[in-house]
Amino acid sequence: MPISFSQIPTDIKIPLYYVEVDPSMAGLPVLGLPALIVGTMLGTAASVGITTATWAAGQATYTTAAPHGFAVGASVTVSGVSPAGFNGTFTTLTGTTASTLIVA
């Protein structure tokens with residue numbers, strides 16, 4: 001279903017994410033000023049196989065079969081690891097490298 005915009009031209013060919021906000025229904029005065037909203041797009045990450053999983057001092061360390069591409073502070077979801085306590089959504093911690101994830 002196409003969405004129509006009143007302020008964003010339809011002939012823009014630059015790959016980007018455009019947002020138009022209509023505050024008229026928000027109960028606030030409408031100022032009619034343009035705004036720039038900056039953020040990152042969240043996409044789907046590729047799956048990377050986990051070769052080992054260890055637990056020590058309240059942290060899990062996963063070794064991946066290939067570079068995973070996650071930086072420190074990223075949210076990662078782990079599934080299919082045995083025992084099941086290694087599965088879940090975690091935040092990567094300091095010490096994470098290209099093929100190692102350290103999470104808590």
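Sequence positions are assigned chain by chain, starting from 1 and proceeding in written order. Local features are withheld for residues below a pLDDT of 70 in this predicted model, meaning they are given only at 70 or higher, and side-chain atom pairs are given and counted only at 80 or more; totals for whole chains, interfaces and linings count all residues. Processing note: side-chain calculations cover all non-hydrogen atoms of the structure and skip hydrogens and water entirely.

### Details of unusual backbone geometry
Right, on to step 1. Of the consecutive residues Ser82 and Pro83, the connecting peptide bond is found in the cis state with omega at 5 degrees.
Right, on to step 2. Here Pro83 shows up in the loop between β3 (75-78) and β4 (88-91).
Right, on to step 3. A positive phi angle is found at Ala57, which is not glycine, with a value near 50 degrees.
Right, on to step 4. Its relative accessible area of 81% is what places Ala57 among the exposed residues. Helix and strand labels come from DSSP, where a helix needs a run of H or I of at least four residues and a strand needs a run of E of at least two; each type is numbered from the N terminus. Each residue is assigned to one of three classes by its accessible area relative to the maximum for its type, calculated with a 1.4 Å probe on protein chains only: buried under 20%, partly exposed between the two thresholds, exposed over 50%.

### Quick word on the side chain of Thr92
Right, on to step 1. Positionally, Thr92 belongs in the loop between β4 and β5 (100-103).
Right, on to step 2. Among the residues examined, Thr92 registers a relative accessible area of 2% and is labelled buried.
Right, on to step 3. Polar contact criterion, stated in full: a pair of N or O atoms within 3.5 Å, where within protein one must be able to donate a hydrogen and the other to accept it, and residues adjacent in sequence count only if both atoms are side-chain atoms. Here Gly73 takes part through its backbone nitrogen, which lies 2.9 Å from a polar atom of the side chain of Thr92.
Right, on to step 4. Two residues qualify as a contact provided that any one of their heavy atoms is within 4.5 Å of a heavy atom in the partner residue. Thr92 has contacts with Ala71, Val72, Gly73, Ala74, Val76, Leu101, Ile102 and Val103, leaving out every residue within four places of it along the chain.

### Focus: the nonpolar core
Right, on to step 1. By size, the foremost hydrophobic cluster in this structure holds 9 residues: Ala60, Tyr62, Val76, Val78, Val81, Phe86, Phe90, Leu101 and Val103.
Right, on to step 2. Breaking this core down by element, the ones donating at least two residues are β2 (59-64), β3 and β5.
Right, on to step 3. Leave out the neighbours within four places in its chain, and Leu101 touches Ala60, Thr61, Tyr62, Thr64, His68, Phe70, Thr92 and Thr96. To form a nonpolar core, buried Ala, Val, Leu, Ile, Met, Phe, Trp, Tyr and Cys residues must be joined to one another through side-chain atoms within 4.5 Å.

### Some remarks on the environment of Leu93
Right, on to step 1. Relative to the assigned elements, Leu93 resides in the loop between β4 and β5.
Right, on to step 2. For Leu93, a relative accessible area of 25% corresponds to the partly exposed category.
Right, on to step 3. Taking the C-alpha atoms as reference points, Leu93 and Gly73, 20 residues apart in sequence, are found 6.1 Å from one another.
Right, on to step 4. Setting aside residues no more than four positions away along its own chain, Leu93 makes contact with Gln59, Val72, Ile102, Val103 and Ala104.

### Considering the packing of aromatic side chains
Right, on to step 1. Ring pairs are drawn from Phe, Tyr and Trp, using the six-membered ring of Trp, whenever the two centres fall within 6.5 Å, and their geometry is named by plane angle: stacked under 30 degrees, edge-to-face over 60, tilted for the rest. Scanning the model with the defined rule gives 1 aromatic pair in all.
Right, on to step 2. Plain terms: the ring middles of Tyr62 and Phe86 are 6.0 Å apart, the flat faces sit at 75 degrees to each other, and that makes the pair edge-to-face. Separated by 24 residues along the polypeptide, Tyr62 in strand β2 and Phe86 in the loop between β3 and β4 bring together distant segments of the chain. Each of the two residues, Tyr62 as well as Phe86, counts as buried.

### Some words on the confidence of the model for the chain
Right, on to step 1. Looking at the chain as a whole, its pLDDT mean stands at 75, while 56% of the residues score no less than 70.
Right, on to step 2. Within a predicted model, pLDDT stands for the predictor's per-residue confidence, ranging from 0 to 100. Taking the mean pLDDT of every element in the chain, the minimum, 87, falls on β3 and the maximum, 92, on β2.

### Quick word on the environment of Val48
Right, on to step 1. For Val48, the position within the fold is in the segment before β1 (50-56).
Right, on to step 2. Here the alpha-carbon distance between Val48 and Pro67, two residues 19 residues apart in the chain, equals 7.8 Å.
Right, on to step 3. Setting aside anything within four residues of it in sequence, one finds Val48 in contact with Thr64, Ala65, Ala66, Pro67 and His68.

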